[in-house]
Amino acid sequence: MDQQVTNLDRELRARALRVIPGAMWGHQNALRLPEGYPQYFTRTEGCRTWDSNGREYIDFICGWGPMILGYNDPDVEAAAVRQRSNGDCMNGPSERLVELAELVVETVPHADWAMFSKNGTDATTACITIARAGTGRRKVLLARGAYHGAIPWCTPSVAGVTEEDRAHLAYFEYNDAASLEALVEANKGDIAAIVVSAFRHDLGKDHELPTPEFARRARELADEANAALIVDDVRAGFRLDMGGSWEVVGVRPDLAAWSKAIANGHALAAVTGNDRFRDAATRIYTTGSFWTASVSMAAAIATIKKLRDTDGIGKMRTAGQRLRDGLEAQALRHGLKIRQTGPVQMPVILFDDDADRRLGNAFCLEALARGVYLHPTHTMFLSAAHTNADIDAALQATDEAFAAVARL
Ligand SMILES: *Cc1c(COP(=O)(O)O)cnc(C)c1O
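Residues numbered from 1 in each chain as written. Predicted model: local features only at pLDDT ≥ 70, side-chain atom pairs only at ≥ 80, totals over all residues. Heavy atoms only, no water.

Participant: Please clarify how the overall build of the protein chain should be interpreted in this entry.
Facilitator: Helix and strand counts for the protein chain stand at 11 helices and 13 strands. The principal-axis extents of the C-alpha atoms in the protein chain amount to approximately 60 × 55 × 45 Å. Relative to its 408 residues, the protein chain shows a buried fraction of 55%. Pairs at least 24 apart in sequence give 74% of the contacts found in the protein chain among residues at least 6 apart. Surface exposure of the protein chain reaches about 18,100 Å², of which carbon and sulfur atoms provide 51%. Positive and negative side-chain charges in the protein chain, numbering 45 and 53 respectively, have mean positions lying 2 Å apart. (Helix = DSSP H or I, 4+ residues; strand = E, 2+ residues; numbered from the N terminus. Buried < 20%, exposed > 50% of the residue type's maximum accessible area, 1.4 Å probe, protein only. Contact = heavy atoms within 4.5 Å. Areas by Shrake-Rupley, 256 points an atom, 1.4 Å probe, with all protein chains shown as cover. Lys, Arg positive; Asp, Glu negative; His and termini not counted. Charge placed at Lys NZ, Arg CZ, Asp CG, Glu CD.)

Participant: Got a minute to help me understand the packing of aromatic side chains in this structure?
Facilitator: Here the distance between the centres and the angle between the planes together describe a pair of aromatic rings. This model, assessed by the stated rule, comprises 10 aromatic pairs. On the numbers, 5.3 Å between centres and 40° between planes, the contact of Y174 with F214 is tilted. In this pair, Y174 is assigned in the loop between β6 (169–172) and α5 (177–186) and F214 in helix α6 (residues 212–224), connecting sequence segments 40 residues apart. Aromatic pair F351 and F402: ring centres 6.3 Å apart, planes at 55°, arrangement tilted. With F351 in strand β12 (residues 348–351) and F402 in helix α11 (residues 388–406), this pair connects stretches of sequence that are 51 residues apart. Residues F351 and F402 agree in their burial class; the two are buried. (Phe/Tyr/Trp six-rings, centres within 6.5 Å; stacked < 30°, edge-to-face > 60°.)

Participant: Teacher, can you tell me more about the pattern of salt bridges here?
Facilitator: If the charged atoms of two oppositely charged side chains come close together, the side chains can form a pair. Summed over all chains, the structure comprises 31 salt bridges. E185 is paired through a salt bridge with K188; the nearest N and O atoms lie 3.6 Å apart. Its salt-bridge partner being R322, residue D392 comes within 2.9 Å of it at the nearest N-O pair. Here D392, found in helix α11, pairs with R322, found in helix α9 (residues 312–333); they are 70 residues apart in sequence, far enough to count as distant. Note on D392: relative accessible area 34%, which makes it partly exposed. A single salt-bridge network, built from bridges that share partners, covers R144, E173, R200, D202 and E208. (Salt bridge = Lys/Arg side-chain N within 4 Å of Asp/Glu carboxyl O.)

Participant: Just to check I follow, could you spell out the sheet that holds strand β7 (residues 191–197) for this structure?
Facilitator: Within a sheet, adjacent strands bond to each other through the backbone by hydrogen bonds, running parallel or antiparallel. The strand order across the open sheet formed by seven strands is β4-β10-β9-β8-β7-β5-β6, and the pairing between neighbours is mixed. Two strands in the sheet have a free side with no partner beyond their single neighbour: β4 (113–117) and β6. Strand-to-strand twist in this sheet, taken as the mean axis angle between neighbours without regard to direction, amounts to 20°. As paired strands, β7 and strand β8 (residues 228–232) are joined by five bridges and run parallel to one another. Looking at the pairing, V195 lines up with I230 of β8. (Pairing = 2+ DSSP bridges. Axes fitted to C-alpha atoms, helices over the stretch in contact; angles between N-to-C directions.)

Participant: Would you mind going over the domain arrangement of the protein chain with me for this structure?
Facilitator: Often, the extent of an interface is quoted as the loss of accessible area on bringing the components together. Domain annotation of the protein chain identifies domain 1 (3–64 + 311–406) and domain 2 (74–309). Taken together, the contact pairs 21 residues of domain 1 with 19 residues of domain 2. Taken together, both faces of the contact between domain 1 and domain 2 bury some 1,600 Å²; the carbon and sulfur share is 59%. Contact with domain 2 buries surface across domain 1, with I313, P343 and M346 losing the most and accounting together for 29% of the total. Summed over the shared surface of domain 1 and domain 2, the result is one salt bridge. Here R339 ties to D206 by a salt bridge, and the two come within 3.0 Å at their closest N and O atoms. Linking domain 1 with domain 2 are 10 residue pairs in polar contact (both at pLDDT 80 or more). Broken down by secondary-structure element, the contributors of at least two residues to the side of domain 1 that touches domain 2 are α9, β11 (338–341) and β12. (Domains from an automatic or database assignment. Buried area = accessible area lost by both parts, 1.4 Å probe. Polar contact = N/O pair within 3.5 Å; in protein donor to acceptor, adjacent residues only side chain to side chain.)

Participant: Can you walk me through the site of the ligand in this structure?
Facilitator: Surrounding the ligand, one finds N119, G120, T121, Y147, H148, G149, H201, D232, V234, R235 and K260. The separation between a nitrogen atom of the ligand and a polar side-chain atom of D232 is 2.7 Å. The side chain of K260 places a nitrogen or oxygen atom 2.6 Å from an oxygen atom of the ligand. Protein chains bury 87% of the 380 Å² of accessible surface belonging to the ligand in isolation. (Near = heavy atom within 4 Å.)

Participant: Where do I start with the pairing of strand β9 (residues 255–258) in this structure?
Facilitator: Each regular strand shows side chains that alternate between the opposite faces of the sheet. Taking every second residue as pointing to the same face, both faces of β9 are buried, with L255 and A257 on one and A256 and W258 on the other. Bridging between β8 and β9 involves three bridges; their strand directions are parallel. The residue bridging I230 from the neighbouring strand is L255, located in β9. Taken together, the four bridges between β9 and strand β10 (residues 269–273) define a ladder with antiparallel strand orientation. Along β10, the bridge assignment pairs A257 with V271.

Participant: How should the sheet that holds strand β1 (residues 41–45) be read in this particular structure?
Facilitator: The sheet built from four strands is open, its strands ordered β1-β2-β3-β13 with mixed pairing. The sheet is open, and its two edges are formed by β1 and β13 (372–373), each paired on a single side. Relative to strand β2 (residues 48–51), β1 runs antiparallel, the two sharing four bridges. Bridging across to β2, F41 finds its partner in D51. Strands in contact with α11 are β2, β3 (56–59) and β13; relative to β3, the strand with the most contacts, it is inclined by about 110°.

Written out as structure tokens, the structure reads:
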């Protein structure tokens, strides 16, 4: 039995290789994970996921961020089913569009308006287009190494990308006000936008919340330059603060990009903005075949209301803190030096002196073998469905995983 199911993942990969370039694209290519990670999945429920080999995991990747209330959340799915029975893709939107825009504007303090699309990349790209339309300028200042999506202006790969695709982009260091000041000075008079991630969550690096000083200085510099301050909240949106992630440092952007968790796994993205950029947002031409589909909007309405009414963020924080405290004590007990950074509900765990990822990969593989799905270098995600019992079960597995790493 085990042998047979083990072969299913292998068989699917072999078949995929013949008909899909590289068998899988982008970050989900299992080749980017230590060997032993499954590529294919069959089922999800709550905070659990089952791979095609039938193995069950407590999931700390949450579909790479979209799952926030739990997989198959009954309230979100009921709203989606109700809407689907009436219509999803139609000649135009349903009233869900207006209801959702009203809910977002009511929930997010900087937002005077909202627009919707499908992917985070749609939203980050629209923010930049709106900023350029609104300011009539070209330059976009970005933090070096930050991820904003997967089209030529921002993809981490350079294959198929021309220099011209990235003309008018310039880079500063996140949380380094002096580097941003210097870049603003160097591009004076031509700055359309300063773009910042909700927090520094670069792959394979310690995560870092924005310092209040940096956030305030970014706001001032954008104001002085008459440019847009854009927060890319695609990854962190609704996990740190219902009003947008920079509410935690008391700074409001002009524009923000949202996606991942907004509809608990249904495909949706949003741009929010203030009145300063309303006219520019009206003038740009942006659309997509599926952007007015109603099921994901019904799911988003249910997701945002449930997160708000059940203190979803509080639950994630409690679960994340329990996990972090448990891991900290275990690592200490096993004599291993780890760094847990980022907000507790969006952690990354890195080992000291582990440039080749030998320890980190081994730890994650040992946890995986014991039914806990972690990631060695990427931001992980807690959800409102992770209970104390789930965290304690995960910690039992990680204790054994640390013990195995300590024996290496
Ligand atoms: C995932 C992500 C994006 C891109 O979103 P897609 O839905 O994959 O297009 C943009 N910015 C950040 C911070 C992300 O984490």
